[in-house]
Amino acid sequence: RMSGRIEKMYVNYKYQKVAKGQKLFDLYSPELLTEQQNFIYLISNDAENHLIIKSSKQKLLLYGMTLNQINALASAKRANPVISIYSPADGIIQGTESMTKSTADLMPNSNITTEALTIKEGDYIAKNEIVFKLVNTDKVWGVFNVLPGYNSLIKINRPILISSEFVENKPITAQVNFIETQINQTERTNRIRVYLNNSSLKLPIGLRLQGIVKTNPTKAIWLEKEALVTIGNKKIAFIKMDNGFKAKEIKTGIEINDFIQIIDGISVEDTIAKNAQYLIDSESFIKTE
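This structure is a prediction, so every number in the text was calculated from the model and none was measured. (Residues numbered from 1 in each chain as written. Predicted model: local features only at pLDDT ≥ 70, side-chain atom pairs only at ≥ 80, totals over all residues. Heavy atoms only, no water.)

Student: How do you make sense of a nonpolar patch on the surface when you look at a structure like this?
Tutor: Together, W141, F178 and Y195 make up a nonpolar patch on the protein surface, roughly 280 Å² of accessible area in all. Assignment of secondary structure puts F178 in strand β11 (residues 178–179). Exposure remark for F178: the relative accessible area of 34% places this residue in the partly exposed category. (Patch = residues over 30% accessible without salt bridge, like charges linked within 9 Å, V, L, I, M, F, W, Y side chains within 5 Å. Areas by Shrake-Rupley, 256 points an atom, 1.4 Å probe, with all protein chains shown as cover. Salt bridge = Lys/Arg side-chain N within 4 Å of Asp/Glu carboxyl O. Helix = DSSP H or I, 4+ residues; strand = E, 2+ residues; numbered from the N terminus. Buried < 20%, exposed > 50% of the residue type's maximum accessible area, 1.4 Å probe, protein only.)

Right, dumping it as structure tokens:
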């Protein structure tokens, strides 16, 4: 709201946690000095004009002074060219960039490192320039990457059990709140969001989380993974015939623990080799139908 020069910084890093009432920086501002002098003049020479004094006091509050600072100013009747600016709320320092990155962009990044603020002591700030923003972390998103092939199992409102090194012994029970429709280009996975009330959890922003989603049972043919062998981009099972085993290409779906879903290629009436690796060696050439 005012121009001036940063005399001293008390917070220096992005993502630094600050509390309401914590001192942020000391500012020299000719504008604020003038407003202080006007306020002192009014209370000293026109004390009965309560409306104008109230207006002047409100202007000082809007400039960033606290009630305690204004009361001390009224008592001492001496203006201070350097005023300490305090945090109006609890939050996390977001930084001084153009603010194009949203909180949502920051949350999925589990590799956030301590980074110095771009503004420093001795810098001048223009009127209405943003020194830095505070992000309120009482409500946060947990963002999870869904393994390829599992998207069809994830539904809105499904229970999810969340754990991390921060809450290792006390997992968080929540639910899936949003399923993103676009693939994450970096990791080539779909993502889901879980909305968390962080006022009690106190999870640090950027914390790496793990989630287990409880899904409905999937009716299908399931085989143990060892019954299949991968040849290039194919999965092969060996079906028992009258005179031995025949290699058959199998179309598979999702994998859960040591089992894999069979979509096409065999039926429940087929008998297959329990361990496909035993029927091949390094010199084998497998031909499928």
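Student: Teacher, can you tell me more about the packing of helix α1 (residues 30–45) against helix α3 (residues 67–76) here?
Tutor: Two packed helices can be described by the angle between their axes and the distance between those axes. Look at α1 against α3: their axes get within 10 Å of each other, and the N-to-C directions meet at 55°. Classified by the angle between their axes, α1 and α3 sit oblique to one another. Crossing angle aside, the handedness with which α1 passes α3 is right-handed. On α3, the residues touching Q36, F39, I40 and I43 of α1 are I70, L73 and A74. Taken together, the residues of the contact of α1 with α3 break down into six nonpolar, one polar and no charged. (Axes fitted to C-alpha atoms, helices over the stretch in contact; angles between N-to-C directions. Parallel < 35°, antiparallel > 145°, perpendicular 65-115°, else oblique. Left-handed = near helix turned anticlockwise from the far one by under 90°. Contact = heavy atoms within 4.5 Å. Nonpolar A, V, L, I, M, F, W, Y, C, P; charged D, E, K, R; others polar.)

Student: Where do I start with the environment of N197 in this structure?
Tutor: With respect to the helices, strands and loops of the structure, N197 is situated in strand β12 (residues 190–197). On the basis of relative accessibility, which here comes to 45%, the residue N197 falls in the partly exposed class. A sequence separation of 56 residues divides N197 from W141, and the C-alpha atoms of the two residues are 8.9 Å apart. Of note is the side chain of N197, whose polar atom sits 2.6 Å from the side chain of S199. (Polar contact = N/O pair within 3.5 Å; in protein donor to acceptor, adjacent residues only side chain to side chain.)

Student: Help me understand the pattern of salt bridges in this model?
Tutor: Note that side chains of opposite charge can pair when their charged atoms are close. On inspection of all chains with the given rule, the structure shows eight salt bridges. Two residues, K120 and D123, come together in a salt bridge whose shortest N-O distance is 3.6 Å. The shortest N-O distance in the salt bridge between K274 and E224 comes to 2.9 Å. Taken as a pair, K274 in the segment after β18 (259–264) and E224 in strand β14 (residues 221–224) lie far apart in primary sequence, 50 residues in all.

Student: Would you mind going over the packing of helix α2 (residues 50–62) against α3 with me for this structure?
Tutor: Where α2 meets α3, the axes come as close as 10 Å, and the angle between the chain directions of the two elements is 130°. Relative to α3, the element α2 lies oblique. Note on packing geometry: the crossing formed by α2 with α3 is right-handed. Facing α2, whose interface residues are K57, L60 and L61, α3 presents L67, I70, N71 and L73. Taken together, the residues that form the contact of α2 with α3 break down as five nonpolar, one polar and one charged.

Student: Just to check I follow, could you spell out the packing of aromatic side chains for this structure?
Tutor: Any aromatic ring pair is given by two values, namely how distant the centres are and how the planes are angled relative to each other. Counted under the stated rule, the structure contains two aromatic pairs. Ring centres of F25 and F132 lie 6.3 Å apart, and the angle between their planes is 90°; this geometry places the pair in the edge-to-face category. Residue F25 is located in strand β3 (residues 23–28), and its partner F132 is located in the loop between β6 (124–125) and β7 (133–135); the two are separated by 107 residues in the primary sequence. The exposure class of F25 is buried, given its relative accessible area of 7%. Here W141 and Y195 contribute two aromatic rings whose centre-to-centre distance is 5.8 Å and whose plane-to-plane angle is 35°, an arrangement assigned as tilted. Highlighted residues: W141 in strand β8 (residues 139–146) and Y195 in strand β12, separated in sequence by 54 residues. (Phe/Tyr/Trp six-rings, centres within 6.5 Å; stacked < 30°, edge-to-face > 60°.)

Student: Would you mind showing me how to read the nonpolar core here?
Tutor: F25 and F132 are the most contacted members of the largest nonpolar core, which totals 27 residues. The set of elements that each furnish at least two residues to this core consists of β1 (4–9), β3, α1, α2, α3 and β4 (82–86). Broken down by element, this core gets its largest block of residues, five residues, from α1. Filtering out sequence-adjacent residues up to four positions away, F25 remains in contact with I6, K8, M9, Y10, I83, S84, I85, V131 and F132. By size, the runner-up hydrophobic cluster in this structure holds 16 residues, among which are I162, A174, V194 and L207. (Core = buried A, V, L, I, M, F, W, Y, C linked by side-chain atoms within 4.5 Å.)

That is the geometry; function is a separate question.
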